Amino acid sequence: MDEMKQVINKLKEANRMNKISLFIGIDQECGVVNRIPNEIHNLKNIYDVSKNQANNIDEYASILADILLYFGVNLNFAP
């Protein structure tokens, strides 16, 4: 879990003097495609959530955003 965060922080530190910030991207779709460590959270696929609990999508997206922000990820390629 800490390894992912450490690698991202090292990349950001190496880029510290650059005027252009790094984009740290991930394809975090949850469910079958899960790029974040399982110790953090095993969220369901957003498509499945939207079918059964459409009113919870904003909360779900906020939780995922907080998790990615914790690791230093600022770009998610997932739908």
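Provided above is the structure to which this section pertains.
Quantities reported herein were computed from a predicted structural model and do not represent experimental measurements.

Calculation notes
- Residues numbered from 1 in each chain as written.
- Predicted model: local features only at pLDDT ≥ 70, side-chain atom pairs only at ≥ 80, totals over all residues.
- Heavy atoms only, no water.
- Core = buried A, V, L, I, M, F, W, Y, C linked by side-chain atoms within 4.5 Å.
- Buried < 20%, exposed > 50% of the residue type's maximum accessible area, 1.4 Å probe, protein only.
- Helix = DSSP H or I, 4+ residues; strand = E, 2+ residues; numbered from the N terminus.
- Patch = residues over 30% accessible without salt bridge, like charges linked within 9 Å, V, L, I, M, F, W, Y side chains within 5 Å.
- Areas by Shrake-Rupley, 256 points an atom, 1.4 Å probe, with all protein chains shown as cover.
- Salt bridge = Lys/Arg side-chain N within 4 Å of Asp/Glu carboxyl O.
- Phe/Tyr/Trp six-rings, centres within 6.5 Å; stacked < 30°, edge-to-face > 60°.
- Lys NZ or Arg CZ within 6 Å of the ring centre and 35° of its normal.

A. The arrangement of the nonpolar core in detail. Ranked by size, the top nonpolar core spans 13 residues in total, and within it I36, L43, L68, F71 and V73 carry the most contacts. Among the elements that take part in this core, helix 3 (residues 57-71) stands out by supplying five residues, more than any other.

B. Examining a nonpolar patch on the surface more closely. There is a patch of nonpolar side chains on the surface, built from F23, L75 and F77 and spanning about 360 Å² of accessible area. Tracing the backbone through its elements, the reader meets L75 in strand 2 (residues 75-76).

C. Quick look at the environment of A61. Within the fold, A61 resides in helix 3. Judged by relative accessible area, which is 42%, A61 ranks as partly exposed. C-alpha separation for the pair A61 and I46, spaced 15 residues apart in sequence, amounts to 8.4 Å.

D. Inspection of the environment of P37 at higher detail. With respect to the helices and strands, the residue P37 is situated in the loop between strand 1 (25-26) and helix 2 (46-52). For P37, a relative accessible area of 17% gives the class buried. The sequence separation of P37 and E3 amounts to 34 residues, and the corresponding C-alpha distance is 9.7 Å.

E. Structural context of the pattern of salt bridges. For the coordinates displayed, the defined rule picks out one salt bridge. Here R16 makes a salt bridge to E13, at a shortest N to O gap of 2.7 Å. Accessibility expressed as a relative area gives 54% for R16, which makes it exposed.

F. Quick peek at the packing of aromatic side chains. Per the stated rule, a full pass over the model turns up one aromatic pair. Here Y70 and F71 contribute two aromatic rings whose centre-to-centre distance is 5.1 Å and whose plane-to-plane angle is 80°, an arrangement assigned as edge-to-face. Given a relative accessible area of 1%, F71 falls into the buried group. Directly above the aromatic system of Y70 lies the positively charged group of K5, at a separation of 3.7 Å from the ring centroid.

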